[in-house]
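What follows is each chain in one-letter form.
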Amino acid sequence: MATNKKENLGSAKTEALKASEKDSTGKVMTTNQGLKVNDTNNSLKSGERGSTLLEDFLLREKITSFDHERIPERIVHARGSAAHGVFELYESIEQYSKAGIFTDVKRTTPVFVRFSTVAGSKGSPDLARDVRGFAVKFYTQEGTWDLVGNNMPIFFIQDAIKFPDLIHSVKPEPNKEIPQAASAHDTFYDFVSHTTETLHNHIWVMSDRAIPRSFRMMEGFGIHTFRLINDKNESHFVRFHWKPKLGVHSLTWDEAVKINGADADFHRRDLWDAIDAGQFPEWELGVQIIPQEDEFKFEFDLLDPTKLIPEEMVPVKIIGKMTLNKNPENFFAETEQVAFLPGHIVPGIDFTNDPLLQGRLFSYRDTQLSRLGGPNFNQIPINRPVVESHNNQRDGMMQTEINKGQTAYFPNSLSGGCPHLAKMAEGGFHSYEERIDAKKIRTRSASFNDHFSQPALFYRSLAKWEQQHVADAYTFELGKCNHDHIKERMLWLIAEIDEDLAKKVAKGLGLEIPSDIERPINQAIGADANIEEQQPPKKKNYLDSAPTLSQANTKFDSIVSRKIAVLVANGFSMKNYKAMADALEKEGAVLNLVAPHGGMVTCDAGMKHKVDAAIMTTESVLFDAVYIPGGKESVNELMGEAKFLKFINEALKHCKAIAVDGKDNALIDKTYLAKFKDDAAVLIDEKPDAFINAIKQHRNWDRSEKVKEIPA
Ligand code: HDD
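Thresholds, definitions, all that
- Residues numbered from 1 in each chain as written.
- Predicted model: local features only at pLDDT ≥ 70, side-chain atom pairs only at ≥ 80, totals over all residues.
- Heavy atoms only, no water.
- UniProt positions renumbered as here; feature names shortened; annotations may be inferred.
- Helix = DSSP H or I, 4+ residues; strand = E, 2+ residues; numbered from the N terminus.
- Contact = heavy atoms within 4.5 Å.
- Domains from an automatic or database assignment.
- Buried area = accessible area lost by both parts, 1.4 Å probe.
- Salt bridge = Lys/Arg side-chain N within 4 Å of Asp/Glu carboxyl O.
- Polar contact = N/O pair within 3.5 Å; in protein donor to acceptor, adjacent residues only side chain to side chain.
- Nonpolar A, V, L, I, M, F, W, Y, C, P; charged D, E, K, R; others polar.
- Buried < 20%, exposed > 50% of the residue type's maximum accessible area, 1.4 Å probe, protein only.

**Things to note about the UniProt feature "active site" (unreviewed entry) in the protein chain**
The positions UniProt marks with the feature "active site" (unreviewed entry) are His-77 and Asn-150. These residues run over 74 residues, yet every pair of their C-alpha atoms falls within 10.5 Å of each other. Position of His-77 among the secondary structure elements: in the loop between helix H2 (57–67) and strand S1 (80–89). Residues in contact with His-77, not counting those within four places in the same chain, are Arg-114, Ser-116, Thr-117, Val-118, Gly-133 and Asn-150. Within the secondary structure, Asn-150 sits in strand S4 (residues 143–150).

Structural data, given as structure tokens:
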């Protein structure tokens, strides 16, 4: 393991949380009332072999507390991991926003960030093919701002009223509660194939974005168009982006499936370990600013959350950086009890009429009432703002504050009119005064109807290997469905996005693409709606390609925190190993010695080295790259253990960088390495620099076609 461990840093919020922390080190055990406990192992009985007595208040306190330990898990995003950190602004954007967080470059704003999958339960594996939640709580000096986003820039549906339908379709089917944390089943595709607005987010889920290498290597998006409001009360539209410093990288589906078995906590562990090792994850915050007068300039509606604004049309302006620098002290108290609400905003930021956002403004407060037990969830330490809060809201379950005084109403004279109101000039919040002249109507704007152009743009913008992964994902997912009519409907819709893609999927499914499907195509409309007007038009091509959507164009400049498996047994070459290990660790990689057994291995220089993982306890899918130092005795022993051969073949199959010392290293001929000697990321007897460069590339996707013959 790399040993450059730094102290966890934290923030003003983590300092404030210390007042709520409890440390039992060196303390005597007591009841909740402070009574010292003499025996917590035996209940009070009527005789040694008699029944337990009702009198046993110690048993009752201990058991009732245990019986009520669980709270309802989140209906979506139940599985999550979080960390503390800070946000720092690079440059003021006061021309757009008066928010302190966007104008004061001297500030360090504490944040708490929770990443999650959407569909699975709290204990589901991390590598489900799914959207990832990316929720950021900024504890600002003007109150808390929550940016509750995802790792994809668009959402499945356009109106919040469809959310229960979407989620019911993707969750385990209600009669048998199968499948867990998986979209590959009939009900989801039944819904998707009848609700064409879902197709854009859906194709992103079919892409590698849905199986990230790490939370630290994914983008985040606020999705909706929000408003920024400056001190002249002028509004600009804005979309928020998080750009990871480590670039955007993903796994293959084969790895994802295997990781779910080998380490169901892969992403959670990765985040924890990186922060624990002082390799603090960082993202830059970017904004796409759209002047008010450009509202109708685009081929799509800015209020439609199923559309992204290509960076090629509106560039992302980078304005600040977020660093996660401290793990939580207690998972339940912080990660489980944190409550994110899109309705938490501060002066300088405001909402738009995006109908998805509007519904979210209701749902998140509502859900905390049942999840956290009442309206006082804001008093839970992790949810408290870093600034004071005063109002006339009172009482309720679990009230922990002692509000002083005679009055709990406004206006009052008995308390001198306090708490008093704040003028806008003093930071009082004032909703943006948008002019509205409209009829009350239950409908969907026709400007939201284009459902094919952007999925097609996304697919067109991907590299060949990414396109192949998308085709494989559709084939896998639909292959898991039982009903041909659902698969065929999907094939027809995929063909509307891209015909070649549909052909590949159809071949894998052994089905024909139907020439037409049952009308209407889009059934997410009201019973009396004008059916013709509400159908998606044929795709348009307003941009040939958006290269920023492809992971082929991300950053490839770091191996910080990349995990390298070093396959060793007794007698491995110390000279080779030392040169390689020093170079890799200098660049921030994390090396693990994987050996035939646990304990120690002795190198050819007679030194003992601690084994990080016995081969029995690990898998190649848990590593980014593999290094095999020479040393005849070591190589011979590794060859005798079939799992090492599988380890190497699998790493090769997953297009990872592999470095081997010794052209005569017998493992080369014993594995598929022999056939890949000329591969750009198979490095035999090369300098550490070449290996480092190959790891920076994340994977050698050029290998994809050729590795199909490896039966790993
Ligand atoms: Fe949501 C949780 C993201 C639409 C209703 N949502 C939740 C979380 C994230 C998102 C990241 C987890 C927060 C955490 O870590 O605690 N949700 C989104 C995004 C959406 C979106 C990016 C669209 C752009 N959500 C959405 C709609 C509704 C909800 C339309 C309801 C109408 N979401 C919820 C919820 C959850 C939630 C049921 C579950 C737990 C919670 O809120 O606190 O209220």
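From this point, things continue past the structure.
**Considerations on the environment of Gln-358**
Summarising the element assignment, Gln-358 is placed in helix H10 (residues 355–371). Sequence separation between Gln-358 and Ser-207 is 151 residues, and the spatial gap between their C-alpha atoms is 28 Å. Leaving out residues up to four positions away in the same chain, Gln-358 has contacts with Phe-351, Thr-352 and Asn-353.

**With respect to the domain arrangement of the protein chain**
Parsing the protein chain into structural domains produces domain 1 (44–383), domain 2 (449–550) and domain 3 (556–709). Using C-alpha coordinates to define each centre, domain 1 is positioned 27 Å away from domain 2. In this assembly, 34 residues from domain 1 lie in contact with 39 residues from domain 2. Buried surface at the junction of domain 1 and domain 2, summed over both partners, amounts to about 3,400 Å²; 63% is from carbon and sulfur atoms. Here domain 1 is connected to domain 2 by zero salt bridges. Here domain 1 is connected to domain 2 by 15 residue pairs in polar contact (both at pLDDT 80 or more). If you list the elements that add at least two residues to the side of domain 1 that touches domain 2, you get helix H5 (186–194) and helix H6 (199–206). Class assignment for the residues of the side of domain 1 that touches domain 2 results in twelve nonpolar, eleven polar and eleven charged.

**Digging into the pattern of salt bridges**
Applying the stated criterion across every chain yields a total of 39 salt bridges. A salt bridge links Arg-74 to Glu-336, with the nearest nitrogen and oxygen atoms 3.6 Å apart. Of this pair, Arg-74 sits in the loop between H2 and S1 while Glu-336 sits in helix H9 (residues 331–336), placing them 262 residues apart in sequence. As far as burial versus exposure is concerned, Arg-74 and Glu-336 are alike and both buried.

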